[in-house]
Protein chains: 2
Amino acid sequence: MNLESIGIEAKAMARYVKKLTGKEKNEVLLTCAEALESNSAYILAENQKDMTKADESRSAFNDRLMLNDQRISSMAEGLRKVARLEDPINETLYMKALPNGLQVGEKRTPIGVVGMIYEARPNVTVDAFGLCFKSGNSSILRGGSEALHSNTALVEVLQNAIEKLGHHKTVMQFITDPSREIVRQFMRLNQYIDVLVPRGGVELIKTIAENSTIPVIETGVGNCHIYVDEFADLDKAVKIIINAKTQRPSVCNACEKVLIHEEIASIFVPMLCQALSKCGVEIRGDHQVRSFFSEAKPATEEDWHTEYLDMIIGIKVVKAFEWAVDHIHQYSGGHSEAILTESYNNAQRFLAEIDSAAVYVNASTRFTDGEEFGLGAEIGISTQKLHARGPMGLKALTTTKFIILGDGQIRV
Amino acid sequence: MNLESIGIEAKAMARYVKKLTGKEKNEVLLTCAEALESNSAYILAENQKDMTKADESRSAFNDRLMLNDQRISSMAEGLRKVARLEDPINETLYMKALPNGLQVGEKRTPIGVVGMIYEARPNVTVDAFGLCFKSGNSSILRGGSEALHSNTALVEVLQNAIEKLGHHKTVMQFITDPSREIVRQFMRLNQYIDVLVPRGGVELIKTIAENSTIPVIETGVGNCHIYVDEFADLDKAVKIIINAKTQRPSVCNACEKVLIHEEIASIFVPMLCQALSKCGVEIRGDHQVRSFFSEAKPATEEDWHTEYLDMIIGIKVVKAFEWAVDHIHQYSGGHSEAILTESYNNAQRFLAEIDSAAVYVNASTRFTDGEEFGLGAEIGISTQKLHARGPMGLKALTTTKFIILGDGQIRV
């Protein structure tokens, strides 16, 4: 597999996709959706090959790898949904007249070539293609080797549908080489790729952020905190924390840590810990938490840093608002944090001082998601500060350019 | 010099500056402006030490290094101008209600810690501090070793003024160590610095983009093209090209290459070349250009890649619109390109197809500049596609965060 030639092709295809109209792009997306459904038997057979090879001990992992008719329909529905979203390309953000008569404005344009490196879930292949294509970009995808048969089948079905409509099928390319060496080469193709979006575990994202010469948008590392202050509605607080921890513990917007104001600790710690225990959550607490709830295991320094992605939670008692804010600044991954309070002042201070992608008052952190926030779809959740922050929809896959209309102006 | 402790301090100061009100920040900027003017004798004496050491053979370089009363006033005026700009921080971009009653919005916040690495001009020290501070960021600056005395004096004057107002003077820190090794360490402080903005020559920017573990905003590499199509007003075209090439040839928005449609080549090539020659511009042309203007030197492949930043220009005759677009995509640095034409269709096509930060119709590329575009001030011109593109004003030094206001919502 020659990565260089994939890069050259992707760059040429970026110019091709950029010129397609919204109508042409939607036609491709809808045709692809149909093709997925009408080729489901083939896709499922190929997925079965991956499942046969899968390590039986990793049941959560295998669940994500597994496809069935319902999951194929849901991928197709995802493409139809993207087709229904407004075309973000060629929107003129503003156009103003300068004193010298020049008209200057900014226009939204595609980024160019988007690279994605991701792990097991085959649906990412379809989602990523749909979002990159709708936003006028060509894409190069590299899925995990465990899903190679599934991804190859999905790409084949999509590319055939694209080609049947008379377009170049290479508007989306897939790297089939399962070696790690190819990932290393991929992330150094900065001559051809404009942005690289890794999706997966902490290790994958860290490796790419540190070694890529292509600008990277880091996604989805959490360690989300909920701070319960002395003015919280305690019943509401228990419900929110139970939801944020247990509704889907394996994802990046799940709550991993709870900070509790000292003044309510003697009442709220046992109340919360009993409720969490009942749901099967393992509790790791500081010494004050353990003095109010003896079943809690001791939390170590490492616990405060850890994103469990599991039915485990770390709980700490803090002396004051400032301590909670300091703790969050020190240990958070900058994803989502919430304050539970009925105090107007503390709510405002938390919103102003906490420096994370999503800052909540009185709600579960589980809402940090492109669809929940009304962006229509999501290619990932950015936890960095440049370019895109929080859930990334179609606009995160675009850039702008200045447009200047003159009639002979020169600079004096 | 302990870079680690500079980083830790900068991170603490980011939280401090973020909380200052617009009024407090403006008071600092105005006081700093006054301090520069009232300490001008000291600053000029220190600048003299740099000038004494300067290599006499580099006159353009020394001109940029040299300070005088007028230049100090102009730095002070720059700070006053930044003070007059609207505070970009805490603007809520939108706030919408979701069906479940949650209110979700985005708010503009500072990036945090901004690092800058730049070359000779001491005024960058003052400009960068002003823009970073107004946008609520703390900053770490590293100027060129040739301007060390000047920069140290400027920083001392600014920091004293900041401290006199009762603020921490470390809201802006300066790296005085002149070694290259310190730059290498600086660009790896990703634990403390949120964005690194290099300003200077191609080599500096390339080194930083390739070696930094901090996200970088690449600035200011040009190689700008002007395409004169067969429907151009030729008199207007000569005036625009002369302006774009000669008004200030040493800067990144100067025109470096002209592409001319074949159909007008026999008339326009001699017309343009004579005018350029008269201004002292050296012409390097392809074989067609040389057949119409024999004094032109032959242009090599390397010429098409080169940003001369000098009184030299490369000229090429192209067979068609598409050839001009292809040439630009192949050789341009993605900074600024212009088409000169009276054809509506060609103007629209050029605007749509050219993928540069600024795309012009019938005007000089020299306008690509934050002040000219009405951004108020500029920290550099981004030639990358992520985060900021083209001239970067205060908003390029900010990010956003999602704010979510609930009353107990949980995800179902």
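Provided above is the structure to which this section pertains.
This structure is a prediction, so every number in the text was calculated from the model and none was measured.

(A) Fine view of the interface of chain B and chain A. Taken together, the contacts link 64 residues of chain B with 64 residues of chain A. Contact between chain B and chain A buries roughly 5,600 Å² in total, counting both sides, with carbon and sulfur atoms accounting for 54%. Summed over the three residues of chain B that lose the most area to chain A, namely Leu386(B), Phe402(B) and Arg411(B), the buried surface amounts to 15% of that side. The interface formed by chain B and chain A holds eight salt bridges in total.

(B) The packing of helix 2 (residues 22–38) of chain B against helix 7 (residues 148–164) of chain B, seen in detail. All names here are of chain B. Between helix 2 and helix 7, the least distance of the axes is 9 Å, while the angle of their chain directions is 135°. It follows from the interaxial angle that helix 2 and helix 7 lie oblique. The handedness of the crossing between helix 2 and helix 7 comes out as right-handed. For the pair formed by helix 2 and helix 7, the contact residues are Val28, Thr31, Cys32, Ala35 and Leu36 on the first element and Leu154, Val157, Leu158, Ala161 and Ile162 on the second. A per-class count over the contact of helix 2 with helix 7 returns nine nonpolar, one polar and no charged.

(C) Up close: unusual backbone geometry. Residue and element names in this part refer to chain A. The phi dihedral of Asn223 falls on the positive side, at around 70°, and the residue is not glycine. The residue Asn223 is located in the loop between helix 9 (202–211) and strand 7 (224–228) in this model. Phi is positive for Leu309, which is not a glycine, with a value near 55°. Summarising the element assignment, Leu309 is placed in the loop between helix 13 (301–305) and strand 11 (312–318).

(D) Main features of the pattern of salt bridges. Residue and element names in this part refer to chain B. Per the counting criterion, the structure on display carries 44 salt bridges over all chains. In this structure, Arg71 engages Asp63 in a salt bridge whose closest nitrogen and oxygen atoms are separated by 3.4 Å. Using a relative accessible area of 27% as the deciding quantity, one classes Arg71 as partly exposed. Ionic pairing is found between Arg84 and Glu77, a salt bridge with its closest N-O pair at 3.4 Å. Here Arg84 falls in the exposed class, since its relative accessible area comes to 60%.

Reading the values: the criteria
- Residues numbered from 1 in each chain as written.
- Chains lettered and ligands numbered in written order.
- Predicted model: local features only at pLDDT ≥ 70, side-chain atom pairs only at ≥ 80, totals over all residues.
- Heavy atoms only, no water.
- Contact = heavy atoms within 4.5 Å.
- Buried area = accessible area lost by both parts, 1.4 Å probe.
- Salt bridge = Lys/Arg side-chain N within 4 Å of Asp/Glu carboxyl O.
- Axes fitted to C-alpha atoms, helices over the stretch in contact; angles between N-to-C directions.
- Helix = DSSP H or I, 4+ residues; strand = E, 2+ residues; numbered from the N terminus.
- Parallel < 35°, antiparallel > 145°, perpendicular 65-115°, else oblique.
- Left-handed = near helix turned anticlockwise from the far one by under 90°.
- Nonpolar A, V, L, I, M, F, W, Y, C, P; charged D, E, K, R; others polar.
- Buried < 20%, exposed > 50% of the residue type's maximum accessible area, 1.4 Å probe, protein only.

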